[in-house]
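Working through the structure, step by step
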Amino acid sequence: MSKDWIIWVVTLWIVVFMMAGQAVATCLLGAGILGVMLWMNPAVLNGIIGQDTFYTASTYTLSIIPLYLLMAQLLLKGGVIVDLFRVGHRIAGYRRFPLGVATLVTGGLLGAVSGSGSASAAALATLAGPELERVGYTRSFSVALAAISGSLSVIIPPSLLIMIYGSLTETPIGHLFIGSIGPAMLCILVYIACLYVLGDVVPGVADGVKGDEGEEDPAATRRSVAAFTFVLALMFVVFGGIYGGVVTVGEAGALGAFAAFVGMLAMRRVTARDIGQALVDSVKVSAMLLMLLIAAQIFSRFMSFSRLPTELLHFAEPLVASPTVLVLVLMAGLFVAGMVLEEVTTIVLAIPIILPMVQAAGIDVIWFGVLACFVISLGLLTPPVGLVAFSAATAARTPVGPVFRPCMVFSTISAVVVVLAMMLFPGIATWLPSHLN
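Since we're looking at a predicted model, the values are computed, not measured.

Let's shift gears to the nonpolar core. The tendency in soluble globular proteins is for nonpolar side chains to be buried side by side. Counting residues in each nonpolar core, the largest one holds 140 residues, and the members touching the most others are Tyr68 and Phe368. The leading source of residues in this core is helix H20 (residues 365-379), at 12 residues.

A few words on the packing of aromatic side chains. Under the definition given, this model contains 8 aromatic pairs. Here Tyr68 and Phe177 contribute two aromatic rings whose centre-to-centre distance is 5.7 Å and whose plane-to-plane angle is 85°, an arrangement assigned as edge-to-face. Here Tyr68 is found in helix H5 (residues 65-77), whereas its partner Phe177 is found in helix H11 (residues 173-179), with 109 residues between them in sequence. A relative accessible area of 2% places Tyr68 in the buried class.

Our focus in this paragraph is the pattern of salt bridges. Throughout the structure, instances matching the rule amount to 3 salt bridges. Between Arg134 and Glu131 there is a salt bridge; the shortest N-O distance is 2.8 Å. Separated by 3 residues within a single helix, Arg134 and Glu131 lie in helix H8 (residues 117-134), roughly one turn from each other. Residue class for Arg134 comes out partly exposed when judged on its relative accessible area of 28%. We classify Glu131 as buried; its relative accessible area is 7%. Its salt-bridge partner being Glu133, residue Arg139 comes within 2.8 Å of it at the nearest N-O pair. On the basis of relative accessible area, Glu133 is assigned to the partly exposed category, the value being 28%.

This part takes up the packing of helix H18 (residues 323-340) against helix H19 (residues 343-360). Helix-helix packing is characterised by the crossing angle of the two axes and by the distance between the axes. Interaxial distance between H18 and H19 falls to 11 Å at its minimum, and their mutual angle equals 170°. Judged by the inter-axis angle, H18 sits roughly antiparallel to H19. Contacts between H18 and H19 involve Leu326, Leu330, Leu334, Ala337 and Gly338 from the first element and Thr346, Ala350, Ile354, Met357 and Val358 from the second. Tallied by class, residues from the contact of H18 with H19 come to 8 nonpolar, 2 polar and no charged.

Here is what the cut-offs are and how they apply
- Residues numbered from 1 in each chain as written.
- Predicted model: local features only at pLDDT ≥ 70, side-chain atom pairs only at ≥ 80, totals over all residues.
- Heavy atoms only, no water.
- Core = buried A, V, L, I, M, F, W, Y, C linked by side-chain atoms within 4.5 Å.
- Buried < 20%, exposed > 50% of the residue type's maximum accessible area, 1.4 Å probe, protein only.
- Helix = DSSP H or I, 4+ residues; strand = E, 2+ residues; numbered from the N terminus.
- Phe/Tyr/Trp six-rings, centres within 6.5 Å; stacked < 30°, edge-to-face > 60°.
- Salt bridge = Lys/Arg side-chain N within 4 Å of Asp/Glu carboxyl O.
- Axes fitted to C-alpha atoms, helices over the stretch in contact; angles between N-to-C directions.
- Parallel < 35°, antiparallel > 145°, perpendicular 65-115°, else oblique.
- Contact = heavy atoms within 4.5 Å.
- Nonpolar A, V, L, I, M, F, W, Y, C, P; charged D, E, K, R; others polar.

In short, geometric facts, not functional conclusions.
What follows is the structure in structure tokens.
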């Protein structure tokens, strides 16, 4: 079989099985094994599968993922999501625009806790959606704002997407975490400005309407404030420790998981069953991500044998000579991929192909990774799939069509402002990592 036909067969394998609903890890693993067998010979697999599996599974950068997942799961089992929004609701004074801002900020904090855009959006849609409606926002806009807030978890550390990008590119994850803070804050400011100008309000609804009276219980208030304060202190210790050079990223993950465990027990927010469930959920997600990365490693080995990235690099030489154009083209491709694929799938499929182009063009890998994760987060808000918007609409039991409209407006404006700002002022993403001890 000719080399061109082998590439077409492997590509067809991936497309057919993904359209059939197979897991991405299964598709990539099968495609990688098939490609190596056809390109070389079956005997080569003996020296590849075991070696690549062990190498990927024993990589230090992957060892921190279970730690951050356990921290997130413990906080979620402790019910801090409700408390984050409750405190934000009170700080907003039950006013319309401040409550919308509080929802966005809560989404950012929730992103630092959960690391999952879909889960954050679904939680905010059921929790914040009714309160936003009560103060006058339309139902579709309320759910859309919850989805927009939830999408922030993709770029706010400890984002799973950022950790996976660091693992695939062998980039220090601590530098990526710190580098994503500036763009994430800028994105939140853009969303706040869009909320102020483009908020969709039902005519005649009075502003400043209070929520349920049950929330006025002093004991519940103290409980919520304690949880809110604990989460802020935890994030400060974890990421302040990384930036200050006191702890490594792995040590910060272990510290965060231990602190979450002790804090949730001390506040009597988790039971032995909750702790067991948090451990099980962490292991499930870790195993899924590890299997995906092992499959990506074996598929990358086929890519190396086929020299496809090298051929694409030769084909893209005019773009490599103009890094600005290359970045814009790659960002457009990632945005489109994010519209139809889940964020982890997008980054795993794209990085082995585009990383050689990025390195050949002399583009900072940290800067590119932060920008790529941001653009993928925008794709998650955009049809035809828009996974985060769809999750929020499903959780709120509302049609997804009207939810997509404000999501698209917000994401478009944010894309223009943040991408342009990062290209004109790269220090937004690189200044803090350059001062990391």
